[in-house]
Amino acid sequence: KVGKSIRSVRIWNKRGAETFFTMANIVWTVELEENRRILTLSSATSIDVFGCGPIIEVGIKFPRNSEQEQCNEIKPLGVTVDNKFHLPIWVESCSFPASIFVRPIAQRKTS
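These remarks concern the structure in this document. (Residues numbered from 1 in each chain as written. Predicted model: local features only at pLDDT ≥ 70, side-chain atom pairs only at ≥ 80, totals over all residues. Heavy atoms only, no water.)

Structural notes on the sheet that holds strand 5 (residues 56-61)
Sheet strands pair by backbone hydrogen bonding; their relative direction is either parallel or antiparallel. Pairing is antiparallel across the open sheet formed by 3 strands, whose spatial order is 6-5-8. Of all strands in the sheet, those with a lone pairing partner are strand 6 (75-79) and strand 8 (99-104), marking the two edges. Neighbouring strand axes in the sheet, compared pairwise and without regard to direction, differ in orientation by 30° on average. Examined bridge by bridge, strand 5 and strand 6 share 4 bridges and lie antiparallel to one another. Within the sheet, the bridge partner assigned to I60 lies in strand 6 and is K75. (Pairing = 2+ DSSP bridges. Helix = DSSP H or I, 4+ residues; strand = E, 2+ residues; numbered from the N terminus. Axes fitted to C-alpha atoms, helices over the stretch in contact; angles between N-to-C directions.)

Next comes the structure, spelled out in structure tokens:
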């Protein structure tokens, strides 16, 4: 069936001897293109940009595991398309906290 729906899925994780699950809401999109069905799965968690602002870059930062860990950088996830960005499924299904950062992308000057 062509269209878009939201489904809740259970994602199982294993950490050491412990097994647990997290629930994630997934956007299930089926499109028809040149007699082919295209299935796209994405997180139902999205970032919406209102107004006519610039393209927004989205990044993620995980907390440090220890005080000795030096690298705690913001890793880019992507940019908004049509003023919207759906977080990747792995971000919503991870079992530890993460911070999401957004910033406008500087417009490049062309000569």
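Describing the sheet that holds strand 1 (residues 3-15)
Strand order in this open sheet of 3 strands is 1-2-3, and the pairing throughout is antiparallel. Of all the strands in the sheet, just strand 1 and strand 3 (36-43) have a single pairing partner and so form its edges. Strand after strand, the sheet turns through a mean of 30° between neighbouring axes, direction not considered. As judged from the 13 bridges shared by strand 1 and strand 2 (residues 18-33), these two strands associate in the antiparallel manner. In the sheet register, R15 faces strand 2, and the bridge partner there is E18.

Section: a nonpolar patch on the surface
Taken together, the side chains of W12, F21 and M23 present a nonpolar region at the surface, about 340 Å² in accessible area. Within the secondary structure layout, F21 lies in strand 2. Residue classification places F21 among the partly exposed residues on the basis of a relative accessible area of 37%. (Patch = residues over 30% accessible without salt bridge, like charges linked within 9 Å, V, L, I, M, F, W, Y side chains within 5 Å. Areas by Shrake-Rupley, 256 points an atom, 1.4 Å probe, with all protein chains shown as cover. Salt bridge = Lys/Arg side-chain N within 4 Å of Asp/Glu carboxyl O. Buried < 20%, exposed > 50% of the residue type's maximum accessible area, 1.4 Å probe, protein only.)

Observations regarding the pattern of salt bridges
Going through the model one piece at a time under the given rule, you end up with 2 salt bridges. Salt-bridge contacts for K84 lead to D48; the nearest nitrogen and oxygen are separated by 3.4 Å. Remark: D48 occurs in strand 4 (residues 46-48) and K84 occurs in strand 7 (residues 84-86); sequence separation between them is 36 residues. Using a relative accessible area of 37% as the deciding quantity, one classes D48 as partly exposed.

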